[in-house]
Amino acid sequence: MSPTTTALVTGGTSGLGLAVAARLLASGTVPVLLGRDGERGRAALESLGGRAGPEPLDGRAVFVQGDVTRPDDVTAALDAAERHGTLRAVVNCAGVPHAERVAGRSGPHSLDRFAEVVTANLVGTFNVVRLAAVRMAANEPAGEERGVIVNTASLAAFEGQVGQAAYAASKGGVVAMTLPLARELAGSLIRVVTVAPGFFATPAVATVPAAARAELDRDLVHPRRWGDPDDFAALVAHVLDNPMINGETIRVDGAVRMSSGLRRRA
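What you are looking at is a predicted structure, and each value in this text was computed from that prediction instead of being measured.

Enquirer: Got a sec to walk through the side chain of Ser170? Specific residues and values, please.
Expert: Following the sequence through the fold, Ser170 ends up in helix 6 (residues 165-176). Sequence-distant contacts of Ser170, that is, excluding residues within four places in its chain, are made with Val117, Val118, Asn121 and Leu122.

Right, here's the structure in full:
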């Protein structure tokens, strides 16, 4: 990618998104981080050598505070990206984890919480895609394409465990819309790809009880470790650079196939 290229990274203030932003920055692309937490955003910028606010600083990262489900917030982040250069990439890493049984000891699954998870993970992803695609479609082609959109799903989309109905539904939706998006946006020379990570060592892992994590460890194959966020970022970087990867969901999981989770109690 050229030095004048910008990329929007949602959820770019920590974990997988921050690793992607670091890779982009190292390649000469200006990452625009969109996240809800201002303090976390400022910390991310410090690690990347950027600053808070809508204006990028001399080819460094920039943070825009906002929520992927709010069109005005996404528009502000896209505006920031276009003020610096040409928006050629969008990497959607924003999302929320969730675990709750449909018929648990405390009663039925919260319908509001189900809607919140689907809104954050699926509707939020689509909101970014629809707004970014219009911007990218107006770009001058660079080689064979005008832009690339990479979304993040999860192994739960394929092998959701007990308690993951809401999360699996939200990520399954991201997988299901990958091919139709790629087919539709092909006319605008925009690729759409989804990455489905397995077990990765991100800040969200801190919320997983030790007993539950120990059981997840049993499913590891090779390498027998949880992924590093840079493993995810390396795949995203390759997807951005390889024009033949399109309309596909790629698992990055070390051959993990998740068990049912039935051995754990609610």
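Enquirer: Summarise the pairing of strand 5 (residues 86-92); cite the residues concerned and give the values.
Expert: For a regular strand, the rule is simple: side chains alternate between the two faces of the sheet. For strand 5, the buried fraction is high: six of the seven residues fall into the buried class. Sheet topology note: the strand 1 (residues 5-10)/strand 5 ladder contains six bridges and is parallel. Residue pairing in the sheet places Ala7 in a bridge with Ala89 of strand 5. Note: strand 5 against strand 8 (residues 147-152), four bridges, orientation parallel. What sits directly across from Val91, in strand 8, is Val150.

Enquirer: Give me the lowdown on the side chain of Thr194, citing residues and values where you can.
Expert: Mapped onto the fold, Thr194 is located in strand 9 (residues 190-197). Thr194 sits in the buried class, given a relative accessible area of 0%.

Enquirer: Provide a residue-level description of helix 2 (residues 38-48), including the pertinent values.
Expert: Residues Gly38, Gly41, Ala44, Leu45 and Leu48 constitute the buried set of helix 2. Projection of helix 2 onto a plane perpendicular to its axis shows the buried side chains occupying an angular sector of 120°, all on one side. Turned more than 90 degrees off the buried face of helix 2, the exposed positions are Glu39, Glu46 and Ser47. One side-chain oxygen at the N-terminal end of helix 2 lies 3.0 Å from the backbone nitrogen of Glu39; it belongs to Asp37. Just downstream of helix 2 lies Gly49, where phi reads positive at about 85°.

Enquirer: Please set out the pattern of salt bridges residue by residue, giving values where relevant.
Expert: Per the counting criterion, the structure on display carries eleven salt bridges. Of the charged contacts, one joins Arg257 and Glu159 as a salt bridge, the two residues approaching to 3.9 Å between their closest N and O atoms. Here the residue Arg257 occupies a position in the segment after strand 10 (249-252), and Glu159 occupies one in helix 5 (residues 156-159), the gap between them amounting to 98 residues. By relative accessible area, which is 17% here, Glu159 ends up buried. Its salt-bridge partner being Asp253, residue Arg257 comes within 3.3 Å of it at the nearest N-O pair. One connected set of salt bridges, linked through shared partners, spans Glu159, Arg251, Asp253 and Arg257.

Parameters at a glance
- Positions within a chain are numbered from 1, following the residues in the order the chain's sequence is written.
- In view of the model being predicted, local features appear only for residues whose pLDDT reaches at least 70, and side-chain atom pairs are presented and counted only at 80 or more, with totals across whole chains, interfaces and linings using the full set of residues.
- Hydrogens and waters are ignored; side-chain quantities use all the structure's heavy atoms.
- Secondary structure elements are taken from DSSP: a helix is a run of H or I of four residues or more, a strand is a run of E of two residues or more, and numbering for both begins at the N terminus.
- Contacts: residue pairs with any heavy atoms within 4.5 Å of one another.
- Under the scheme applied here, a residue whose accessible area is under 20% of the maximum for its type counts as buried, over 50% as exposed, and between as partly exposed, the area being computed with a 1.4 Å probe on protein chains only.
- The criterion for strand pairing is that DSSP finds at least two bridges linking the strands in question.
- Starting at the helix axis, one direction is taken to each C-beta atom, and the arc is that of these directions.
- Polar contact criterion, stated in full: a pair of N or O atoms within 3.5 Å, where within protein one must be able to donate a hydrogen and the other to accept it, and residues adjacent in sequence count only if both atoms are side-chain atoms.
- For this document, the term salt bridge refers to a Lys or Arg side-chain nitrogen within 4 Å of an Asp or Glu carboxyl oxygen.

By themselves, these observations are geometric and do not establish any function.
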